[in-house]
Amino acid sequence: MSSTLYSTAENPAGSLSQRIHFQRLHGARGPIGTITGIAIAAAILIAVGDAFGVLISNTDSAAPAGVYCVVSGKFHRGDLVAACLPIWIAQQGLARGYLRTGACPGDAEPVGKIVGALPGDIVEIEPAWIGVNGMRFKRSVVAERDSAGRALPHVAWGSHRVQAGEVWLFGLNDRRSWDSRYFGPVPLANVRGQIKPVVVW
């Protein structure tokens, strides 16, 4: 038995710097002025977004690129959420270029992922698929190498019961998604809340 965990756009979301393109910055002279203007605008957008609970796209996301509002409160299996990865995981993501810098502990950006499993669920990790509570998910193969050809560590094969205070996060719409297949569960407390689209592109 198989299923899709959720339905979103196929295109992975990029980082703020990858998605915002300025055709012209009025008043800027030469390439140094342009670069400085872009850096200042990006910093302002990130600061405003963090202050008001808004995410402007993100790297390795389970959602289309766009502007999202972080909504606090309860979330359920299948919900799209923003989460900070534990520092040791975030440091791996930063070192390999899977994440960009951001406001989470360890100076990493939050990830946008789908809640795949909650406490008490059984997660099965196999080379060709993953499953939750006996339901196998399409397009859930565990990659051996990343897009740069580097070996990609993963969670041990077999069944894993989700412990109290844990959540497994997936991004199965994107075959390049770096998610709980590779780094395992994250603390429930690290989930900032659901993310709702304001505008996507």
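Check the entry above for the structure.
Remember, predicted model here, so these are calculated numbers, not experimental data.

Draft legend 1. Focus on the state of the cysteines. This structure, assessed with the given rule, holds one disulfide. Two residues, C84 and C104, share a disulfide whose sulfurs are 2.1 Å apart. On the sign convention where negative means left-handed, the S-S torsion of about -75° between C84 and C104 marks this disulfide as left-handed. Here C104 lies in strand β5 (residues 101-104) and C84 lies in the loop between β4 (80-83) and α3 (87-96), a separation of 20 residues in the sequence. Exposure class is identical for C84 and C104. Each is buried.

Draft legend 2. Structural view of unusual backbone geometry. The phi dihedral of D107 falls on the positive side, at around 65°, and the residue is not glycine. Assignment of secondary structure puts D107 in the loop between β5 and β6 (111-117). D107 sits in the exposed class, given a relative accessible area of 53%. Although it is not a glycine, R139 adopts a positive phi angle of roughly 55°.

Draft legend 3. The arrangement of the packing of aromatic side chains in detail. For the structure on display, the rule yields three aromatic pairs. Ring geometry for W168 and F170: centres 6.4 Å apart, planes at 40°, overall tilted. Ring geometry for W178 and F183: centres 4.9 Å apart, planes at 70°, overall edge-to-face. Classification of W178 as buried rests on a relative accessible area of 6%. Among the aromatic residues, those joined into a ring-pair cluster are Y98, W178 and F183. Lying over the aromatic face of W129, R136 brings its terminal NZ or CZ to 3.9 Å of the ring centre.

Draft legend 4. Quick look at the environment of D174. Within the fold, D174 resides in the loop between β11 (166-170) and α4 (180-183). Classification of D174 by relative accessible area gives buried; the value is 7%. Along the sequence, D174 and R139 sit 35 residues apart, while their C-alpha atoms lie 8.5 Å from each other.

Calculation rules
- Residues numbered from 1 in each chain as written.
- Predicted model: local features only at pLDDT ≥ 70, side-chain atom pairs only at ≥ 80, totals over all residues.
- Heavy atoms only, no water.
- Disulfide = S-S within 2.5 Å.
- Helix = DSSP H or I, 4+ residues; strand = E, 2+ residues; numbered from the N terminus.
- Buried < 20%, exposed > 50% of the residue type's maximum accessible area, 1.4 Å probe, protein only.
- Phe/Tyr/Trp six-rings, centres within 6.5 Å; stacked < 30°, edge-to-face > 60°.
- Lys NZ or Arg CZ within 6 Å of the ring centre and 35° of its normal.

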